[in-house]
Amino acid sequence: MSRRVIIQPVTRIEGHAKISIQLNDAGEVQSARFHITEFRGFEKLCEGRPFQEMPGLMSRVCGICPVSHVLASSKAGDMLLGVEIPAAAEKQRRLVNHAQVLQSHALSFFHLSSPDLLLGIDSPPEKRNIFGLLERDPDFLRRGIRLRQFGQRVIELVGGKKIHPGWSGPGGVHRQFSTAQRDEVLKWIPEATESLSMALDRLKSLLDSFQAEVEHMGNFPSLFLGTVNSDGGLEYYDGTIRIVDGAGNTIADSLDPKRYYTYLAEASVSDSFIKSPYYQPFGYPQGHYRVGPLARLNVAKFAGTALADRELREFKQRGGGTVCESFHYHLARLIEMVHAVERIEELMADPDLFSDTIQAKASLNRREGIGSCEAPRGTLFHHYWVDANGLMTRANLLIATGQNSHAMNQSVDQTAKHFLKHGAHGAELDQGFLNRLEAAIRCYDPCLSCSTHALGQMPLEVELLAPGGAVLQCMTRDE
Amino acid sequence: MSFLDLDERLIDLAGLVDVCYSPVVDTKEFPENVDITLVEGAVANEDNLREIRLIRQRSKVLVAFGDCAVTGNVTALRNLFKLEDVLNRSYRENSAVVSGMPLGGDGIVPALLDRVLRVQDVVRVDYFLPGCPPAPDAIYAFVAELLGGHAPAAEGRKFGT
């Protein structure tokens, strides 16, 4: 008899989600899906408010990557003003974006995913968390905490606040960066570099023991989309969009992010608050693509910094042109952190950064503005429409995690089909199986608050459904 | 996230408390007899409503943690509009393909409440820790006083960062 299994809440991710598994009459997995259950409606609730308010408001989409929303929003505002911002403002924004990639990836790798990696994916759930890790390997965890602290501290030094910094807006930034602040940033660099080198060695040494997960927990060809600079290198703040396929072919290049709506579109579904964007020429759902660390390393020809380039060359050898295993998001994240630390150090030597010319002043010059950047989880677009007084009439936000939603479903489906075990009484849902489903999602480090513009934490629930749709088993961690 | 900005003080705190239910641990069911629960976020859908009542029932001290829990804040801004209009903007006007609308009632996606509520609109709240987000120092001071058996006092403290 067919049945549906629900896992709820999904834990060690940002936001609220469930997984449902539909079994057929033979007790085999027919399909498995990931559902996001929170929604806030920023695209509507911003209406009637001045566009200058948007960086502060849109920042509240997310507590992990508020900086990305501040930047995309500020850039949409720059376009509404019709200005080119001063060099110091652009460099401060770049600096804070690198710091955010660092802190957000540290959270994903050390706080959320390393319990699976270091304690084992089948280890007891009550200990499989940062507190269990604290008992097993306090030095590893402390280094992770301090890497996140470094990123957050840079954001605080530049932006005045760790979460929801209000320093950037249409036309530039509001605070000058000082040499005393530079000196503090520089003090963190050696430790950060050492910690990342250690983490990379550790992860690479563990990969052999996760061979089944690498191969069957989200390994499929797809398109990959990311921003690159004018030389085709890794870029986070401003560049053009490149799309490659699973075989390493470039599908599209030099696309203008300000015209995203001419090549990307979104699809709505009834069983999740997350939408599925797709590449228009390929249609829906064939045009689905992945974004974020794995996609960025797949689309970029080089990183542009010494240590990250060495790692990137090695990384690219793992795939035939494109690395398709979502498990390698973890490795990609560490390489991006190495790059972020190198870029932060590089910026400290840039005299432009310290200038007191930080704001381009203008009144409203356009009625439509689009801003994009690479958020930790992938490419982010903010699209605003305003009236003659600069009051918002409409907004569209295309969020990184949303762009990975189809891939997350595919990962969950593949994982369920490969890892479900069968005993005398049919399908057996053990803790290792449940955790693999969640770990498949954790690879993407989804920010569900962002993806649905929602707020709050969501647990994961797995439901086992009968062919008629009846819930046969609902699995939680405590069972 | 601001809680994690306690950084290495998290390690000190780990020695004092047993974190039994949190987004960072794998427990799926909210446990019985919890001493202190920090609740973040406003009450926006039927799942939230059910969870907050269960949490109140099973917690000795319930803290509304952050501005969304305390006042509704940004989450409650949608109360200025009709829910239908808010959903239509995201899932119809901003979508090229509409294969369905996430309206709930399918046992998967929870139905949204017509109006977003503050935590105190639904259950009794013992303490309010405001801020968007609450500052890490405020969180630490607050939790330290609660753990020390003192009632945290707001007098003379700065909030609202």
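Let us look at the structure shown here.

Thresholds, definitions, all that
- Residues numbered from 1 in each chain as written.
- Chains lettered and ligands numbered in written order.
- Predicted model: local features only at pLDDT ≥ 70, side-chain atom pairs only at ≥ 80, totals over all residues.
- Helix = DSSP H or I, 4+ residues; strand = E, 2+ residues; numbered from the N terminus.
- Buried ≥ 20, exposed ≤ 12 C-beta atoms within 10 Å, placed from the backbone.
- Contact = placed C-beta atoms within 7 Å.
- Pairing = 2+ DSSP bridges.
- Nonpolar A, V, L, I, M, F, W, Y, C, P; charged D, E, K, R; others polar.
- Axes fitted to C-alpha atoms, helices over the stretch in contact; angles between N-to-C directions.

On to the overall build of chain B, then. Along the backbone of chain B there are five helices and six strands. Overall, chain B shows an N-to-C arrangement of helices and strands of α-β-β-α-β-α-α-β-β-β-α. If you line up chain B on its principal axes, its C-alpha atoms span 55 × 35 × 30 Å. Across the 161 residues in chain B, those meeting the buried criterion constitute 39%. Of the contacts formed within chain B by residues at least 6 apart in sequence, a portion of 74% connects residues at least 24 apart.

The next point concerns the pairing of strand 6 (residues 223-228) of chain A. All names here are of chain A. Counted residue by residue, strand 6 has six buried out of six residues, so it is predominantly covered. Across the two faces of strand 6 the burial is the same, with Leu 223, Leu 225 and Thr 227 and Phe 224, Gly 226 and Val 228 all buried. Here strand 6 pairs with strand 11 (residues 289-290) via two bridges, running parallel. Looking at the pairing, Phe 224 lines up with Arg 290 of strand 11.

Another aspect to go through is the interface of chain B and chain A. With 50 residues of chain B at the contact, the number on the chain A side is 55 residues. Breaking the side of chain B that touches chain A down by element, the ones donating at least two residues are helix 1 (9-14), helix 4 (83-93) and strand 4 (97-98) of chain B. Here the side of chain B that touches chain A gets five residues from one element, more than from any other, and that element is helix 4 of chain B. Looking at the side of chain B that touches chain A, its residues break down into 27 nonpolar, eleven polar and twelve charged. Note that strand 9 (residues 264-268) of chain A and strand 4 of chain B share two bridges and pair parallel. Among the inter-strand pairings, A:Ala267 is bridged to a residue of strand 4 of chain B, identified as B:Val97.

Residues and elements named next belong to chain B. The strand order 1-3-6 describes an open sheet built from three strands, whose pairing is parallel. Strands with a single pairing partner mark the edges of an open sheet, and in this sheet they are strand 1 (34-39) and strand 6 (127-129). The mean inter-strand angle of the sheet, taken between neighbouring strand axes irrespective of direction, is 25°. In the sheet, strand 3 (residues 59-65) pairs with strand 6 via three bridges, with the strands oriented parallel. In the sheet register, Phe 65 faces strand 6, and the bridge partner there is Leu 129.

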